[in-house]
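# A structural walkthrough
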Amino acid sequence: MTNEELRNSLLRAPKNGYAEMTDEQRKAMNDYCKRYAAFMDACKTEREATAWTVEAAERNGFKALVPGMQLQPGDRVYRNNRDKSIMLAVIGSAPINDGANICAAHTDSPRMDLKPNPMYEDSEIAYFKTHYYGGIKKYQWPTVALAIHGVVCKADGTKVTVTIGEDDNDPVLVVSDLLIHLSADQMKKTLAEGIVAEQLNVILGTEPLQGEGSDLVKLHVMKLLNEKYGIVEDDFCSAELTIVPAGKCREVGLDRSLLGAYGHDDRVCAYAQIESMFSLGTPKHTAVCILADKEEIGSVGVSGMKSQAFDTFMQDICDSLGGSLNRCFENSFCLSADVTNAFDPNFAETCDKRNNSLLNYGIAIAKYTGARGKSGASDASAEAMFHVRKVFGDANVQWQTATMGKVDQGGGGTVAAYMANRNIVTVDAGVPVLCMHAPMELVSKFDCYTTLLACKAIYEA
Ligand code: MN
Ligand code: MN
């Protein structure tokens, strides 16, 4: 054999996704990305993603799962976990004890939540005090347009939904930063200290009501909120109001090959799961989709992946089908669909380029995540990795491998370990992202589209 023949038969030869793209594939990719962008514009919090998915699921023939319900192959069921997380299933033709094909993503993203007593006035400016949620670089959040999203449970027992800053006629909110002219001291600080958590105070207004008092700006803002939403200051204690970047998902780059938005992590995988779920007929194995909350703070709480809400949902399905939850889990497979870091030449020194995912090379499979010596990872087995490779290969899904940067540079986790702890074989895979956790994150359209195909392939395996 010539070296060329040897090379072709022995060595890896990854290709950019555009290298062999047909017009048909390009159209399918662009159409999918338009639908994804619309989802992103409608959903900036886990609550909004859950509400959106419930409505879309109902339109697509899914019914709320009731314990003891009769289930047949092809039946479509879902459970809304307290408006914060949602699980969906399409019943397969094989016995449930043969296992389910699960895809798990999360719909919460890093942001700034309001503190329980958030509103104050200082120097005739009214503010909200915030407490950041998830891992953020605090310096990235001042001087960008922000919106409020959330709900308030009022004293009378009613609940009101709040969204300010997304409509073109809405005002937006901003956290201030110091002018460069007076930043001699600030510029000597580290990036971690240049803006600190207690400076992430959102400007609400500056116009005082006429009259006497030191709270006339705050009073004015509270009056406006009361007129629009019927809330009073005490109601903030029973509210979930969160500050997120304002604005829509945009095409990025002169060639429009990227999508820029707040919270691709992890709604980009969540949306791929939803669409692929809706496209299923009757799969062989029961297909299960979970869109979890609280991943960014450790998958904790009643709506996080560690919650028994998932086990209860699966138990109810097993009961209806005369199966055993333990047998089902033991034979199940889970794709923990979460984003990874795309290689960024601007920060090449942080990555092992040979092992990092690249934009436009397809969904990225991660054998392990975690930090240091793989701490916190579920570290998939050779057999589990083979399963994914085989399923993606058979379905013609372009994929690549991924690691989270250089060893000892940092790291991250996903819901994978919590699925694996349930005795479910689990592998991480997802969309490579530039500037993850920033107010605007970037993903490639091609990678988004391959993630849709990947989730569908897992469900149909
Ligand atoms: Mn994530
Ligand atoms: Mn994240």
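Look up: the structure comes first, before these words.
Let me sum up the structure you'll find in this document. (Residues numbered from 1 in each chain as written. Chains lettered and ligands numbered in written order. Predicted model: local features only at pLDDT ≥ 70, side-chain atom pairs only at ≥ 80, totals over all residues. Heavy atoms only, no water.)

This brings us to the packing of helix H6 (residues 264-278) against helix H11 (residues 445-460). Helix packing geometry: the angle between the two helix axes and the distance between the axes. Close contact between H6 and H11 brings their axes to 8 Å; oriented N to C, the two are set at 50°. Considered as vectors, H6 and H11 are oriented oblique to each other. Two packed elements cross with a definite hand, and for H6 against H11 that hand is right-handed. Judged by residue contacts, Val268, Cys269, Ala272, Gln273, Glu275, Ser276 and Met277 of H6 engage Cys448, Thr451, Leu452, Cys455, Lys456 and Tyr459 from H11. Residue composition of the contact of H6 with H11, grouped by class: 8 nonpolar, 3 polar and 2 charged. (Axes fitted to C-alpha atoms, helices over the stretch in contact; angles between N-to-C directions. Helix = DSSP H or I, 4+ residues; strand = E, 2+ residues; numbered from the N terminus. Parallel < 35°, antiparallel > 145°, perpendicular 65-115°, else oblique. Left-handed = near helix turned anticlockwise from the far one by under 90°. Contact = heavy atoms within 4.5 Å. Nonpolar A, V, L, I, M, F, W, Y, C, P; charged D, E, K, R; others polar.)

Structurally, Arg47 is set in helix H3 (residues 46-59). When its relative accessible area of 19% is taken as the criterion, Arg47 is described as buried. Within the local environment of Arg47, its side chain forms a polar contact with the side chain of Glu240, the two groups lying 3.1 Å apart. (Buried < 20%, exposed > 50% of the residue type's maximum accessible area, 1.4 Å probe, protein only. Polar contact = N/O pair within 3.5 Å; in protein donor to acceptor, adjacent residues only side chain to side chain.)

A few words on the packing of H3 against H6. Orientation of H3 relative to H6, taken along the N-to-C sense of each, is 10°, at an axis distance of 11 Å. Here H6 runs roughly parallel to H3, going by the angle between their axes. Facing Ala49, Trp52, Thr53, Ala56 and Ala57 of H3, the residues of H6 in contact are Arg267, Tyr271, Ile274 and Phe278. Taken together, the residues of the contact of H3 with H6 sort by class into 7 nonpolar, 1 polar and 1 charged.

For a metal with four tetrahedral donors the ideal donor-metal-donor angle is 109.5 degrees, whereas six octahedral donors ideally subtend 90 or 180 degrees. Each protein donor to the manganese ion (ligand 1) is listed here as His106 (NE2), Asp265 (OD), Asp338 (OD) and Asp338 (OD); together their distances run 2.1 to 2.5 Å. Taken in sequence order, the residues that donate to the manganese ion (ligand 1) follow the motif H-x158-D-x72-D. Between the two metals, the manganese ion (ligand 1) and the manganese ion (ligand 2), the spacing is 3.4 Å, and Asp265 donates to both. With His106 in strand S4 (residues 100-106) and Asp338 in the loop between strand S15 (333-337) and strand S16 (340-341), this residue pair connects regions lying 232 residues apart in the sequence. Residue His106 shares its accessibility class with Asp338, and that shared class is buried. (Donors = N, O, S within 2.8 Å, 3.2 Å for Na, K, Ca; no water.)

Here we take up the sheet that holds strand S10 (residues 201-205). On the basis of which strands lie adjacent, the open sheet formed by 7 strands has the order S8-S7-S11-S5-S6-S10-S9 and antiparallel pairing. At either margin of the open sheet sits one strand with a lone partner, and together these are strand S8 (159-164) and strand S9 (174-175). Across 8 bridges, the pairing between strand S5 (residues 111-122) and strand S6 (residues 125-133) is antiparallel. Note on S6: the bridge partner recorded for Tyr120 is Tyr127. (Pairing = 2+ DSSP bridges.)

Looking now at the side chain of Lys294. Position of Lys294 among the secondary structure elements: in the loop between strand S14 (286-292) and helix H7 (309-321). Ignoring sequence-local partners within four residues, the contact set of Lys294 consists of Lys84, Asp108, Tyr133, Ser299, Val300, Ser303 and Gly304.

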